[in-house]
Amino acid sequence: MKSLIKSFTSLPSAGVLAACFLSALSVAPAHADEGSKIAFVSSERILREANPAKVAQAKIEAEFSKRDKDLQDQAAALKVKADKLDKDSAVISESERTKRQRELSDLDKDFQRKQREFREDLNQRRNEELAIVLERSTKAIKQIAEAEKYDMVFQEGGVYVSPRIDITDKVLKILNK
């Protein structure tokens, strides 16, 4: 479950957007201010290191841990029944084997359905919590941008970003208050 919960999100499309903005800057009119201030924020670090993100992750883990354990128990019971059927198949009648296979198949379908519902519910809750963290992050970024007079702030990107324009630590400081 932790691997499901830890992979909060990735934002590859933001890199494309950042590249478009950077290319637009390079063809800006000659009268544009040469002293433009640009900054960068790592969404990945925000979602990994910010206290609100950690709280959200702990909340989700607590909320879904019982269902996760139930699914693990059901998977173990299913495996025990499948192993018992394999072991007993040589000594039981054909009708008994068919009956057990049908029961095993029904149990497996039920397990797959519950597992799918679990993943869907987990993703929905993760997205809800992520939206709250990202909203707070956006407010913090806006606060820093206005206070320090940044002209443009990029979030996540696939292009090179100089550490000198990375304001992620400042955003984390505000979020972690």
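Residues numbered from 1 in each chain as written. Predicted model: local features only at pLDDT ≥ 70, side-chain atom pairs only at ≥ 80, totals over all residues. Heavy atoms only, no water.

Attention now goes to the overall build of the protein chain. When its secondary structure is counted, the protein chain shows six helices and two strands. When the elements of the protein chain are put in sequence order from the N terminus, they spell out α-α-β-α-α-α-β-α. In the protein chain, the proportion of contacts linking residues at least 24 apart, taken out of those at least 6 apart, comes to 85%. Summed over all atoms, the accessible surface of the protein chain reaches about 11600 Å², with 55% contributed by carbon and sulfur. (Helix = DSSP H or I, 4+ residues; strand = E, 2+ residues; numbered from the N terminus. Contact = heavy atoms within 4.5 Å. Areas by Shrake-Rupley, 256 points an atom, 1.4 Å probe, with all protein chains shown as cover.)

For the rest of this paragraph, the subject is helix H5 (residues 94-147). For H5, spanning 54 residues, the distance from its first C-alpha to its last is 78 Å, which sits close to the expected 80 Å at 1.5 Å a residue. Of the residues one or two after H5, Lys 149 is the one with positive phi, at around 55°. (Expected span 1.5 Å × (residues − 1).)

Bringing the nonpolar core into the picture now. Membership of the largest hydrophobic core comes to 18 residues, with the highest contact counts inside it found for Val 41, Ile 46, Ala 50, Tyr 150, Ile 167, Val 171 and Leu 175. Broken down by secondary-structure element, the contributors of at least two residues to this core are strand E1 (38-41), helix H3 (43-49), helix H4 (51-88), H5 and helix H6 (168-175). Of all the elements, H5 adds the most residues to this core, at six residues. Residues contacting Leu 175, with those up to four places away along its chain left out, are Ile 46, Ala 50, Pro 52, Arg 136, Ser 137 and Ala 140. Among the nonpolar cores identified, the runner-up in size contains ten residues, and Ile 60, Phe 64, Leu 85 and Phe 111 belong to it. (Core = buried A, V, L, I, M, F, W, Y, C linked by side-chain atoms within 4.5 Å. Buried < 20%, exposed > 50% of the residue type's maximum accessible area, 1.4 Å probe, protein only.)

Before going further, it helps to examine the confidence of the model for the protein chain. Per-residue confidence for the protein chain averages 82 on the pLDDT scale, and 78% of its residues sit at or above 70. This stretch, residues 1-32, has a pLDDT under 50; its non-local contacts, to residues over four places away or in other chains, come to 41 contacts. (pLDDT = per-residue confidence, 0-100.)

Another point: the packing of H5 against H6. The relative placement of two packed helices comes down to the angle between their axes together with the axis-to-axis distance. Interaxial distance between H5 and H6 falls to 9 Å at its minimum, and their mutual angle equals 120°. Accordingly, the angle class assigned to the pair H5 and H6 is oblique. In the packing of H5 onto H6, the handedness of the crossing is right-handed. Judged by residue contacts, Arg 136, Ser 137, Ala 140, Ile 141, Gln 143 and Ile 144 of H5 engage Lys 170, Val 171, Ile 174 and Leu 175 from H6. Residue composition of the contact of H5 with H6, grouped by class: six nonpolar, two polar and two charged. (Axes fitted to C-alpha atoms, helices over the stretch in contact; angles between N-to-C directions. Parallel < 35°, antiparallel > 145°, perpendicular 65-115°, else oblique. Left-handed = near helix turned anticlockwise from the far one by under 90°. Nonpolar A, V, L, I, M, F, W, Y, C, P; charged D, E, K, R; others polar.)

Okay, unusual backbone geometry next. Non-glycine residue Lys 149 carries a positive phi angle of around 55°. The exposure class assigned to Lys 149 is exposed, which follows from its relative accessible area of 62%.

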